[in-house]
Amino acid sequence: MAKIRTLSDLQDRLDKELAWRLKEVAVLKTAVQKASGQAQVAQVRAGVTILYAHWEGFVKQASTQYLEYICRSGTKYSELQDAFVFLGLRKQISRIAVSSKTKAGIEAIEFMRKGLGETASFDYQSAIDTASNLSSTVFEDIATSVAIDPKPYTPYSKLIDESLLNRRNKIAHGEFLDLDAKSWKELSDEVLILLRMFKTDIENCATMRSFKLKAVST
């Protein structure tokens, strides 16, 4: 897959990432609407798990794509917001946590003293961890890790935790699902709102280059 080097690259990748998910949800809506009886119940159950998969998958992929864009922007650590500097420092912090050797600590100090002047380079591929359980709390941490304000998503916390994640977990454990076709459609509409919100936030941050410190932003 092509590397994300420019804002246009990022926007194109985000558009494609969301588009196929929107199409699949649209197909599911049609299938649920046409089905009846036990067939509709099965479609709804499958639909909830797929909605959750799109919620987790899009947040992870969009965040990773944004981090790749930042990593390839040629920006120095000293110019980035703290959330992104932490990504560069995390490797050193991890080494200190598992090693009692002085060398690990010295490398961390060297990074803080000298590394901030270097071009940012971090492992964006593994930076985002949804823990296969993208609750509102986990989402808040991910949003914070890419310097996106999680507060606008707070009104959706109950929907994320109860209507989506908890129901997905119940289905995964073979439990009964108390959701009819109408309620599933409403849930799918809400999930798509969340996905669009997150996409817009990332696009705005990239366009305004708000990943950079205000003092050095352009």
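Report on the accompanying structure. (Residues numbered from 1 in each chain as written. Predicted model: local features only at pLDDT ≥ 70, side-chain atom pairs only at ≥ 80, totals over all residues. Heavy atoms only, no water.)

Description of the overall build of the chain
Stage number 1. Counting secondary structure elements, the chain contains seven helices and zero strands.
Stage number 2. Ordered by position in the sequence, the α and β elements of the chain form the string α-α-α-α-α-α-α.
Stage number 3. With the C-alpha coordinates of the chain rotated into their principal frame, the extents come out at 65 × 40 × 35 Å.
Stage number 4. Relative to its 218 residues, the chain shows a buried fraction of 40%.
Stage number 5. Contacts in the chain between residues far apart in sequence, at least 24 positions, make up 79% of those at least 6 positions apart.
Stage number 6. Total accessible area on the chain stands at roughly 11900 Å², and carbon and sulfur atoms take up 53% of it.
Stage number 7. On the chain, the mean spot of the 31 positive side-chain charges and the mean spot of the 27 negative ones are 4 Å from each other. (Helix = DSSP H or I, 4+ residues; strand = E, 2+ residues; numbered from the N terminus. Buried < 20%, exposed > 50% of the residue type's maximum accessible area, 1.4 Å probe, protein only. Contact = heavy atoms within 4.5 Å. Areas by Shrake-Rupley, 256 points an atom, 1.4 Å probe, with all protein chains shown as cover. Lys, Arg positive; Asp, Glu negative; His and termini not counted. Charge placed at Lys NZ, Arg CZ, Asp CG, Glu CD.)

Concerning helix α6 (residues 157-172)
Stage number 1. Helix length check: α6 (16 residues) gives 21 Å between terminal C-alpha atoms against 22 Å at 1.5 Å per residue, within 8%.
Stage number 2. At Leu165, α6 shows its maximal bend, which comes to roughly 30°.
Stage number 3. Among all positions of α6, only Leu159, Ile160, Leu164, Leu165, Arg167, Arg168 and Ile171 are buried.
Stage number 4. Here the buried face of α6 lies against α2 (37-71), α5 (136-145) and α7 (181-207).
Stage number 5. Positive phi shows up at Gly174, right after α6, with a value of about 75°. (Expected span 1.5 Å × (residues − 1). Bend = angle between axes of the 7 residues up to and from the residue.)

Points about the packing of aromatic side chains
Stage number 1. All told, the structure shown has seven aromatic pairs when counted by the stated rule.
Stage number 2. With 5.2 Å between their ring centres and 40° between their planes, Trp55 and Phe139 make a pair best called tilted. With a gap of 84 residues between them, Trp55 in helix α2 and Phe139 in helix α5 connect regions that are remote in the sequence. The pair Trp55 / Phe139 is uniform in exposure class, with both members buried.
Stage number 3. The structure contains a cluster of three or more aromatic residues connected by ring pairs, namely Trp55, Phe139, Tyr153 and Phe198.
Stage number 4. Between the NZ or CZ atom of Arg168 and the centre of the ring of Tyr52, over which it lies, the distance is 4.0 Å. (Phe/Tyr/Trp six-rings, centres within 6.5 Å; stacked < 30°, edge-to-face > 60°. Lys NZ or Arg CZ within 6 Å of the ring centre and 35° of its normal.)

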